[in-house]
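Residue-level structure breakdown
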Amino acid sequence: MEGQFRMEHLVCERSRLVERKPVFVNVEGMDVGVVLIKDQVHAVENSCPHAEGPVCLGDVSNRVRMKLDENKLNRGEYASPDEVNIVCPWHGLEFDIASGVCTADSRFKLHKLAAIERDGKIYISL
Ligand code: FES
């Protein structure tokens, strides 16, 4: 974005954010979910890249991975502590919050926005 002017929009107080509970804001006509994950703020357009469903209304939870043994047999599942996904409520696609990429098909990616925390307030930069 070099050479392009970006504008910061104050969207909420930091104290309003609760871990894994999106707060909905509107920025220049765009619905955005602001979600706190491990003290990091993420901003995601509330529109699923699959069919424009309200992705930020979905569950936010740790990604479930399989434990495979040396023969590649499933030996159970576990919730990955460092990977947090949001699940679109319309058709169930899961997206990694940090990267925005769909876990099932990397062609689908959330529209993430720059979220800035400063002096107890959250800004989104467009
Ligand atoms: S609209 Fe989100 S999975 Fe289809």
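For the structure, check the block above.
The structure displayed is predicted, hence computed values, not measured ones. (Residues numbered from 1 in each chain as written. Predicted model: local features only at pLDDT ≥ 70, side-chain atom pairs only at ≥ 80, totals over all residues. Heavy atoms only, no water.)

A few words now on the overall build of the protein. Helix and strand content of the protein: zero helices and nine strands. Reading the secondary structure of the protein in the N-to-C direction produces β-β-β-β-β-β-β-β-β. Seen through its C-alpha atoms, the protein measures out along the principal axes to roughly 55 × 30 × 30 Å. For the protein, with 126 residues in total, the buried portion stands at 37%. For the protein, contacts bridging at least 24 residues in sequence account for 44% of all contacts bridging at least 6. Counting every atom, the protein has about 7800 Å² of accessible surface; 48% of that belongs to carbon and sulfur. Side chains of the protein give 16 positive and 20 negative charges; the mean places of these two sets differ by 3 Å. (Helix = DSSP H or I, 4+ residues; strand = E, 2+ residues; numbered from the N terminus. Buried < 20%, exposed > 50% of the residue type's maximum accessible area, 1.4 Å probe, protein only. Contact = heavy atoms within 4.5 Å. Areas by Shrake-Rupley, 256 points an atom, 1.4 Å probe, with all protein chains shown as cover. Lys, Arg positive; Asp, Glu negative; His and termini not counted. Charge placed at Lys NZ, Arg CZ, Asp CG, Glu CD.)

Time to look at the nonpolar core. Ranked by internal contacts, the top residues of the largest apolar core, which has 16 residues, are Ile37, Val55, Ile86, Phe95, Ile97 and Leu110. Ignoring anything within four residues of it in the chain, the contact list for Phe95 reads Cys48, Pro49, Val55, Val84, Asn85, Ile86, Cys88, Gly100, Val101, Cys102, Phe108 and Leu110. Core analysis: the second largest hydrophobic core is formed by 15 residues, Leu17, Ala43, Leu113 and Ile122 among them. (Core = buried A, V, L, I, M, F, W, Y, C linked by side-chain atoms within 4.5 Å.)

Before going further, it helps to examine the pairing of strand 3 (residues 30–37). A large share of strand 3 lies buried, amounting to seven of its eight residues. Where strand 2 (residues 23–27) lies against strand 3, five bridges are found, and the strand directions are antiparallel. Across the sheet, residue Phe24 finds its bridge partner in strand 3, namely Gly33. For strand 3 and strand 4 (residues 40–45), the ladder comprises six bridges, and the chain directions are antiparallel. Looking at the pairing, Val34 lines up with Ala43 of strand 4. From the end of strand 3 to the start of strand 4, which pair antiparallel, there are two residues, and Lys38 there has a positive phi angle of about 50°. (Pairing = 2+ DSSP bridges.)

In short, the description is geometric, and any link to function would need to be established separately.
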